[in-house]
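Chains, contacts and geometry: an overview
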Amino acid sequence: MNAPLAHQHLLDSATLPSAWRALAERCAQPALVTDTTRRITWANAAFSEVTGYSLEEALGRSPGELLQCEQTDPTTIQRVRDALNRGQSIRCQLLNRSRQGRLYWLDMDIHPFGLAGEAPRGFVALAMDMTAQHELQEREAAHARRLKALFDLSPLGLALFDMETKRPIECNAALSRINGFSRADILSGEAMRHVPDAHLPVREVWMASVRLGEPFGPLESVILHRDGHRVDVSMSGASTQEPGGRRMAWLMVQDISKRRTTERLLAESARRDTLTGLPNRNRLDDHLEHMLARTHAEAGWGFAVLLMDVDRFKVINESLGHDAGDSLLVSLAERLKQAVMVSARLVSGIDSLAAAEQEGWLIARFGGDEFAIVAPGLSTQLAAASFAEVVNGQLQPSHRISGLEIQTTVSIGIALAHAGTAAAVNLVRDADTAMYEAKRLGRRQYAFFDERMRSRISRALHIEEGLRHAHIRGQLRLVFQPIVDLETGLPTAAESLLRWTHPTLGQVPPDEFIAVAEETGQIVELGRWALFESCAAWTRMHREAPEVAPQRISVNLSRIQMDDGLRLLATVRAALTDTRMPPEALQLEITEREVMSDPDGARQLIDTLRRMGVRIAMDDFGTGSSSLACLREYAFDTVKIDKSFVKDLCRDAHVMAVAHATVSVIENLGMISVAEGVEDDGEVAALQGMGCRYGQGWRFGRPMDEAALLAMFKAAYQR
Ligand code: C2E
Ligand code: CA
Ligand code: CA
């Protein structure tokens, strides 16, 4: 085939115009012709289809009038007009409205036509319906705007990297908020210049993921803020391939520093006591393990563990309220810090608490009113005892709590740790055992743990456990010891005394189990039981033998029962009412120790009970130091002279003189004297000689059960 052949098919000039016309008529693109005044002189079928106007309707009208609407862009219209006025071609895109009201875009190509060198005879316009393309563009633009908004508003820091230059080409505001760098600093790469070492491995992983085209993260890392502080972040990313093959990578950065801080606080608070801010039991245990490891590593090195319990904290807490109790604990914690500072300075010249902690000193709160101190290097009893003295010294000044001056002491149990100590739990347990021993010795005492202590404590635990159900199981009973008028030799009253037969331990002496019951608080329940039983026994005996039964029953009270005065009053009232015993027949025995532990409270309680008609006896008189003063201050009905006095009466002239003076004071104050522990006739004679009115002791009768007591009284009065 050669080119000239094609010319044979050219149309001749006669057929040409009709061919053009046919082509233009059938052309799928709208086409029209106007005269110079821009009136439509011809339009094709496609024009009618797009605009909705038939040829007849279109003829003689201007395209502007037919097509344009208020949405059509006026500047484009002006541009078209200007070009046509100058007789130039123009191509434009216009938004038009069809006859039916449909909006459509037309791309118009307008050309003047006519003979060369002459003014144009008119214009031809070839149009293309661009509506579909415009809608598509519009949709894409809206989509892009939405994505941009998402990008700008995202709380995630976002950056898009060009992996050829390894530089970010886009970033959002959140990223600037996270790292403090401006957009310009981020895009210039400035922000990436300073990276903490901890972040380097994460960056490596990211790069590798990008190379492999795999998603990355989330990985937690740390970046540097512009002002130098470290920011905890979580990072993730993905890479994309651009159409040209360029690799882009997204990096998403989430600021997790708030979460991290909360996590750290939580972790720390699990190891700290919230009230005092001191380490708690968890921390202490870890610390002890750590310190024990050191005893194994360093020959001869050791340390002490001191466990402290605030004396009478329960009373303070309950009488002043829990807020005051809390303040006291906080104040105590401060004093303990001082004690540690003082000792650490003495032992190793350390002058701050932080430095002492570095050395291994630790103060912990166990919960409640118990504290512990770990004292490194104090491996001898002497060293640990000196420290205990320092602690006591620091606690000496009173604390100012809610306007009151409160003085506190602690009981301290000490365990020494050395290379042979097996485990931290043993240390704490031993110190705890020693602390119980210290408490037993009284207030402000300290005790060192030794093995014998453990068996003693284990018996105490046995007793505590056994006591829980003793009266329910009928292991408790009351016995009564007669009180005799020394002048007539006749029994007039009796003291009730508790007896307990433990299933395995056998008879447990009341001194022993009552001490345990006082420590555990079980005494309140025991005391209540003893009171009800004593009153019931009095009533039974009076029902059986009203003429001769004991006029009075004397019941012992514990200081713990007195701590809760209201409850005690209620118990006494209930016992009297339930058993219909007259108040005058009941005598309550309290010791000086009980009175002195809360002088004002005791006075109120004694006064109230006496107003009810109940009699009060001071028990074990002469064993305390301020006994005589105590007698003058409180209104007792009876004073029971302790058996230790009576024992030495006939052996020691000095004791005899003191006893004599004591009986005189008692009688002069209008109180009744009762001598305890009277065992023989010599003592009876001596007591009679000094004017003592009553006696109680084996000479007259051992503690016995109710039936035996009543039999004894019957026998005495029938003679
Ligand atoms: P207490 O109140 O001083 O009781 C007198 C103690 O002296 C009793 O010991 C009694 O058996 C003993 N005793 C009596 N006559 C003689 C004697 O001639 N010579 C000698 N050496 N001792 C004599 P018990 O029964 O062992 O009681 C010991 C302590 O236990 C009581 O001392 C009392 O403080 C306490 N106690 C007993 N029962 C109760 C109770 O129901 N409640 C409370 N809170 N304490 C009680
Ligand atoms: Ca007594
Ligand atoms: Ca007594």
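Given the structure is predicted, the values throughout are model-derived calculations rather than measurements.

So, the overall build of the chain
Counting secondary structure elements, the chain contains 28 helices and 26 strands. With respect to the three principal axes, the spread of C-alpha positions in the chain is 175 × 65 × 50 Å. Taken over 719 residues, the chain has a buried fraction of 44%. At a minimum sequence separation of 6, the contacts of the chain that also span at least 24 residues come to 58%. By element, 54% of the accessible surface of the chain is carried by carbon and sulfur atoms, the whole surface being about 37,600 Å². Computed over 80 positive and 94 negative side-chain charges, the inter-centroid distance for the chain is 4 Å.

A few points about empty space enclosed by the protein
Overall, the coordinates contain two cavities of 30 Å³ or more when judged by the stated rule. In terms of lining, the largest cavity is formed by 21 residues, of which the most central are Ala 191, Met 192, Ile 223, Met 235 and Leu 251. For the lining of the largest cavity, the class distribution of residues is 17 nonpolar, three polar and one charged. Its volume calculated, the second largest cavity comes out at about 30 Å³. Contributing to the lining of the second largest cavity are Ile 641, Phe 645, Val 646, Leu 649, Ala 659, Val 663, Leu 687 and Met 690. Elements with a minimum of two residues in the lining of the second largest cavity: helix H25 (643–647) and helix H26 (653–668).

Focus on the domain arrangement of the chain
Along its sequence, the chain is organised into domain 1 (2–136), domain 2 (154–261), domain 3 (271–449) and domain 4 (462–714). Centre-to-centre separation of domain 3 and domain 4, based on C-alpha positions: 40 Å.

Focus on unusual backbone geometry
Cis rather than trans, the peptide bond between Gly 217 and Pro 218 has omega equal to 0°. As for its position among the elements, Pro 218 is in strand E8 (residues 216–224). Phi is positive for Lys 166, which is not a glycine, with a value near 60°. A residue is classified by how much of its surface remains accessible, and Lys 166, at 41% relative accessible area, is partly exposed. With a phi close to 55°, Arg 444 is a non-glycine residue in the positive phi region. Of note, Arg 444 is situated in the loop between helix H16 (424–441) and strand E17 (446–448).

Here's the deal with the pattern of salt bridges
Tallied over the full model, the rule gives 42 salt bridges. Of the charged contacts in the structure, one is a salt bridge between Asp 232 and Arg 264, with a shortest N-O distance of 3.2 Å. In this pair, Asp 232 sits in strand E9 (residues 230–241) while Arg 264 sits in helix H10 (residues 257–269), placing the two residues 32 residues apart along the sequence. Between Glu 589 and Lys 640 there is a salt bridge, with its nearest N and O atoms 2.5 Å apart. Taken together, the residues Glu 589 in strand E22 (residues 586–591) and Lys 640 in strand E24 (residues 638–641) connect sequence positions 51 residues apart. Considered together, Glu 589 and Lys 640 belong to a single accessibility category, that of buried residues. Among the ionic contacts, a cluster of salt bridges with common partners joins Glu 220, Asp 232, Arg 259, Arg 260, Glu 263 and Arg 264.

Conventions adopted
Residues numbered from 1 in each chain as written. Chains lettered and ligands numbered in written order. Predicted model: local features only at pLDDT ≥ 70, side-chain atom pairs only at ≥ 80, totals over all residues. Heavy atoms only, no water. Helix = DSSP H or I, 4+ residues; strand = E, 2+ residues; numbered from the N terminus. Buried < 20%, exposed > 50% of the residue type's maximum accessible area, 1.4 Å probe, protein only. Contact = heavy atoms within 4.5 Å. Areas by Shrake-Rupley, 256 points an atom, 1.4 Å probe, with all protein chains shown as cover. Lys, Arg positive; Asp, Glu negative; His and termini not counted. Charge placed at Lys NZ, Arg CZ, Asp CG, Glu CD. 1 Å grid on protein atoms, 1.4 Å probe; cavity = no way out; pocket = protein on both sides within 12 Å on 5 of 7 lines; lining within 4 Å. Points joined across faces, edges and corners; volume = space filled by probe spheres on them. Nonpolar A, V, L, I, M, F, W, Y, C, P; charged D, E, K, R; others polar. Domains from an automatic or database assignment. Salt bridge = Lys/Arg side-chain N within 4 Å of Asp/Glu carboxyl O.

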